[in-house]
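# Observations on chain architecture
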Amino acid sequence: MTAQPPEPSPRPAPPSGELRASHDDREAVVEQLRDAAAEGRIDLDELDSRLEQALTSRTYAELAVLTADIPRLNSAESRSPLVLKGGMYGASRGPGRWKVPGHVIAHGGVGGVKIDFTRVECRLTEVAVEAYGETSGVTIVVPDSWVVDTSGMDPGVGGLTDKTTPDRLPGTPLIRLTGSGGMAGVVIRHPNRRERRKLNSNPTQG
């Protein structure tokens, strides 16, 4: 009986720095370089040189070299959280374009809070949203391509209503929802018919 040749050993995984970078990875570095130039950390000639290298980089290691000497103190993740309080008359953010921080806190209060992400451009991989329904509730509207993790949410008396779908597109953030439904509850959903009509009729509204 002919002996079977030994099976080839599995190829070892490459070091993390040698993994291939995506278009989104390159765009994130480009954004960081432009912010550094605006802050006076690098001059325009160096910016042009680094941008060219960023757009042609193939691995994480090649990208990391371009931003190794640039602090990330002004990154979206490190900015203070956005805090919305319903108060007597309610509070809202959106549907216009607004800068999304890494952390959003919403207190429904007696007037309620609505957060609308449908027109934002968000380069974060995750956005932490704390929602406390309290007396009048919190409503959160996200684009169809975004996905929500509600596993850390306490429904409270008012409950949690999740009308989102699990269909996430590459490059879109994950909303990690925590907090409590309180008395009035928390609703997270995609745009309704009226909101979709407004989006379709004014696709570039700021």
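First, a word on what this report is: a plain description of the structure on this page. Residue numbers run consecutively from 1 along every chain, following the written order of its sequence. Reporting in this predicted model follows two pLDDT cut-offs: at least 70 for local features of residues, and 80 or more for side-chain atom pairs to be given and counted; totals over whole chains, interfaces and linings ignore these cut-offs and use all residues. Side-chain calculation: all heavy atoms of the structure are included, whereas hydrogens and water are not.

### Structural notes on the sheet that holds strand E6 (residues 138-141)
- For two strands to be treated as a pair, DSSP must find no fewer than two bridges joining them. The way it works is that DSSP assigns letters per residue, a run of H or I at least four long becomes a helix, a run of E at least two long becomes a strand, and they are numbered from the N terminus. The five strands are arranged E2-E4-E6-E10-E8 in an open sheet whose pairing can be described as parallel. Either end of the sheet is taken by a strand with one partner, and the two such strands are strand E2 (91-93) and strand E8 (160-162). Between one strand and the next, the sheet's axes are offset by a mean angle of 5°, whatever the strand orientation.
- Where E6 and strand E10 (residues 186-189) come together, four bridges link them in parallel fashion. From the neighbouring strand, Ile140 faces E10, where its bridge partner is Ile188. Angles shown run from 0 to 180 degrees and are taken between the N-to-C directions of axes, each axis being a line fitted to C-alpha atoms and, for helices, limited to the stretch in contact.

### Quick word on the pairing of strand E4 (residues 113-116)
- Summarising the sheet, E2 and E4 pair through three bridges and their orientation is parallel. Looking across to E4, one finds that Ala91 is bridged to Val113.
- Summarising the sheet, E4 and E6 pair through four bridges and their orientation is parallel. Bridging across to E6, Val113 finds its partner in Val138.

### Focus: helix H3 (residues 60-67)
- Among the residues making up H3, those that are buried are Leu63, Leu66 and Thr67. Along the axis of H3, the buried positions cluster into a sector of 85°, meaning they face one direction only.
- A contact between two residues is defined here by any heavy atoms of the two lying within 4.5 Å. Turning to H3, the residues buried within the fold contact helix H1 (23-38) and helix H2 (44-56). Exposed residues in this analysis have more than 50% of their type's maximum accessible area, buried residues have under 20%, and partly exposed residues fall in between, with area computed by a 1.4 Å probe over protein chains only. By arc we mean the arc of the directions from the helix axis to the C-beta atoms, nothing more.

### Remarks on the environment of Thr165
- Here Thr165 lies in the loop between E8 and strand E9 (174-180).
- The spacing of Thr165 and Val147 is 18 residues in sequence and 6.8 Å in space, taken between C-alpha atoms.
- Setting aside chain neighbours within four positions, we find Thr165 in contact with Asp144, Trp146, Val147 and His190.

### Quick notes on the packing of H1 against H2
- Look at H1 against H2: their axes get within 9 Å of each other, and the N-to-C directions meet at 175°. Classified by the angle their axes make, H1 and H2 are roughly antiparallel. Contact residues: Arg26, Glu27, Val29, Val30, Leu33, Arg34 and Ala37 in H1; Leu47, Arg50, Leu51, Ala54 and Leu55 in H2.
- In this count, Pro and Cys sit with the nonpolar residues alongside Ala, Val, Leu, Ile, Met, Phe, Trp and Tyr, while Asp, Glu, Lys and Arg are called charged and the others, Gly among them, polar. Of the residues assigned to the contact of H1 with H2, the class counts are eight nonpolar, no polar and four charged. Comment on the angle field: the value is read as roughly parallel under 35 degrees, roughly antiparallel over 145, roughly perpendicular from 65 to 115, and oblique elsewhere.

### Here's the deal with the nonpolar core
- Counting 25 residues, the largest nonpolar core has Ile115, Phe117, Ile140, Ile175 and Leu177 as its most contacted members.
- Residue assignment for this core shows that the elements contributing at least two residues are strand E1 (82-85), strand E3 (103-107), E4, strand E5 (126-132), E6, strand E7 (147-154), E9 and E10.
- Among the elements that take part in this core, E5 stands out by supplying three residues, more than any other.
- Ala21, Val29, Leu63 and Leu66 belong to the second largest nonpolar core, which has 13 residues in total. To form a nonpolar core, buried Ala, Val, Leu, Ile, Met, Phe, Trp, Tyr and Cys residues must be joined to one another through side-chain atoms within 4.5 Å.

### So, the packing of aromatic side chains
- Note on aromatic contacts: the rings of Phe and Tyr and the six-membered ring of Trp form a pair at centre separations within 6.5 Å, being stacked when their planes are under 30 degrees apart, edge-to-face when over 60 apart, and tilted otherwise. Inspection of every chain in the model, using the stated rule, returns two aromatic pairs.
- With a centroid separation of 5.2 Å and an interplanar angle of 40°, the aromatic rings of Trp98 and Phe117 are classed as tilted. Here the residue Trp98 occupies a position in the loop between E2 and E3, and Phe117 occupies one in the loop between E4 and E5, the gap between them amounting to 19 residues. Accessibility assignment for this pair places Trp98 and Phe117 in one class, buried.
- With a centroid separation of 5.5 Å and an interplanar angle of 45°, the aromatic rings of Phe117 and Trp146 are classed as tilted. Note that Phe117 is positioned in the loop between E4 and E5 and Trp146 in the loop between E6 and E7, a separation of 29 residues in sequence. In this structure, Phe117 and Trp146 share a single accessibility class: buried.
- An aromatic cluster of three or more residues is present, and its members are Trp98, Phe117 and Trp146.

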